[in-house]
Each structure stands twice: as structure tokens, then as C-alpha cells.
Amino acid sequence: MLLEIVNRLMTLNSVGNRAFQNCFSLVNCNLPNTVRSIGERAFDSETTALEMQVVMNELPTSLEYLGAYAFRRGGSNIKFSVIPNKLKTLPDWCLGNCPEITINHFGGPGSSLTTIGSNVFYNSLIKAGTLTFEAPVTTMNATALFKSGMQENYAKSITTINN
């Protein structure tokens with residue numbers, strides 16, 4: 001509710017580090033397309049006993065920066081399917097433990113995404129045979145797909161695997 005009110009009163013450009021961390025009462029969050037930055041642990045849940053129940057269907061199309069752990073343990077209501085074209089890096093754990101993430105295509109025409117960090121898709125339900133990587137993606141951490149069901153199936157276009 002508070003974020004909805006803020007969106008009506010002003011143009012929101014960023015969500016700060018830890019802004020809604022452990023905010024278990026936050027249930028619906030529709031970030032406007034003016035948001036260019038989501039800070040580290042912005043919607044993170046630090047406890048394994050509870051997960052956030054925030055409903056968020058897509059990332060803002062203008063997003064340029066996503067912090068590490070931004071949506072870790074965000075819960076089953078985080079359902080992104082598209083990576084915004086301006087985003088260059090998916091940092092460590094940014095989507096870890098969000099089991100309903102359905103992103104299946106990375107890179108391609110217009111994309112700026114070059115780097116995928118560690119445990120980005122930890123415990124997500126990526127369906128076998130649906131994951132595609134295209135240029136400009138060049139670097140993916142060896143644990144990016146850990147426990148996602150896709151550890152062994154990353155595309156040949158990835159030129160660097162970092163441990």
C-alpha cells in the first residue's frame with residue numbers, strides 16, 4: 001500500500017538497499033517503469049523459515065541495476081519472465097529461492113546483459129530445454145544454475161565460466 005501511494009505522489013527512480021528486507025506485510029508491489037535501480041537485498045528475506053509473499057510480475061523495463069540478493073527468498077509470487085534490455089548484470093543470488101521465475105531467454109537483440117553471477121537461479125523451476133543464452137552474454141558463474149534443474153544445460157554461446 002505504501003509503495004502504491006509513493007508511486008502516485010512522485011516519480012520513483014530507485015529502491016534502496018534493504019528497503020523492504022524482511023517486510024513480510026508487503027504483499028503487492030508494482031514498480032513503475034521509471035525505476036532504474038533496485039538495491040542490494042531490497043526485497044530479501046534473511047530467514048529460511050519465512051519467505052516474502054510479495055506479488056511482483058515483472059521488472060521495470062527501464063531497470064539498469066539490480067543489487068545482489070535483491071529478491072532472494074522473495075517467495076513463489078515473484079514471477080518475472082523477461083530481463084529488461086538495459087540490465088547488464090544479474091548479480092549473485094539476486095533471484096535465488098524464487099521458485100516461480102520463468103525467465104528462459106537471455107541476451108539477444110537489444111540486450112545489454114553480459115554477466116550472470118553465482119546462485120542467481122538457485123531453487124528456481126526453470127523447465128528443461130527452455131533456457132537460451134545469446135550474445136552479449138559472455139560470463140556466467142559456474143553456480144548460476146545450481147539447484148535449478150538446469151545445471152548441466154547452459155548454452156554453447158557462453159564463453160567464460162567463473163568459479
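Visitor: With reference to specific residues and values, describe the sheet that holds strand β3 (residues 65-66).
Guide: Taking strand neighbours across the sheet as the criterion, the three strands line up as β1-β2-β3 in an open arrangement whose pairing is parallel. Of all the strands in the sheet, just β1 (14-15) and β3 have a single pairing partner and so form its edges. With two bridges connecting them, strand β2 (residues 37-38) and β3 associate as parallel partners. Each bridged residue has a counterpart across the sheet, and for Ser37 the counterpart in β3 is Tyr65.

Visitor: Requested: an account of the confidence of the model for the protein, with residues and values cited.
Guide: Mean pLDDT for the protein: 76, with 70% of residues reaching 70 or above. Here residues 155-159 scores under 50 on pLDDT; set against residues more than four positions off or in separate chains, the count is nine contacts.

Visitor: Could you give an account of the packing of aromatic side chains, naming the residues involved and the relevant values?
Guide: Enumeration according to the criterion identifies five aromatic pairs in this entry. Ring geometry for Phe20 and Phe43: centres 5.3 Å apart, planes at 15°, overall stacked. Of this pair, Phe20 sits in the loop between β1 and β2 while Phe43 sits in the loop between β2 and β3, placing them 23 residues apart in sequence. Considered together, Phe20 and Phe43 belong to a single accessibility category, that of buried residues. Aromatic side chains Tyr69 and Trp93 sit 6.3 Å apart centroid to centroid with 5° between the ring planes, which places their arrangement in the stacked category. With Tyr69 in the loop between β3 and β4 (89-90) and Trp93 in the loop between β4 and β5 (105-106), the pair connects residues that are 24 residues apart, well separated along the chain. Note on Tyr69: relative accessible area 22%, which makes it partly exposed. A relative accessible area of 18% means that Trp93 is categorised as buried. Sitting over the face of the ring of Tyr69, Arg41 holds its NZ or CZ atom 4.1 Å from the ring centroid.

Visitor: I'd like a rundown of the side chain of Ser118, residues and numbers included.
Guide: Here Ser118 is to be found in the loop between β6 (115-116) and β7 (132-133). Here Ser118 falls in the buried class, since its relative accessible area comes to 13%. The residues touching Ser118, leaving out its near neighbours within four places in the chain, are Asp92, Trp93, Asn141, Thr143 and Ala144.

Visitor: How would you sum up unusual backbone geometry? Please name residues and give values.
Guide: A positive phi angle, near 65°, is found at Asn97, a position not held by glycine. Take Asn97: its relative accessible area is 15%, and that puts it in the buried class. For Asn119, which is not glycine, the phi torsion reads 55° and is therefore positive. Tracing the chain through its elements places Asn119 in the loop between β6 and β7.

What counts, and at which threshold
Residues numbered from 1 in each chain as written. Predicted model: local features only at pLDDT ≥ 70, side-chain atom pairs only at ≥ 80, totals over all residues. Heavy atoms only, no water. Pairing = 2+ DSSP bridges. Helix = DSSP H or I, 4+ residues; strand = E, 2+ residues; numbered from the N terminus. pLDDT = per-residue confidence, 0-100. Contact = heavy atoms within 4.5 Å. Phe/Tyr/Trp six-rings, centres within 6.5 Å; stacked < 30°, edge-to-face > 60°. Buried < 20%, exposed > 50% of the residue type's maximum accessible area, 1.4 Å probe, protein only. Lys NZ or Arg CZ within 6 Å of the ring centre and 35° of its normal.

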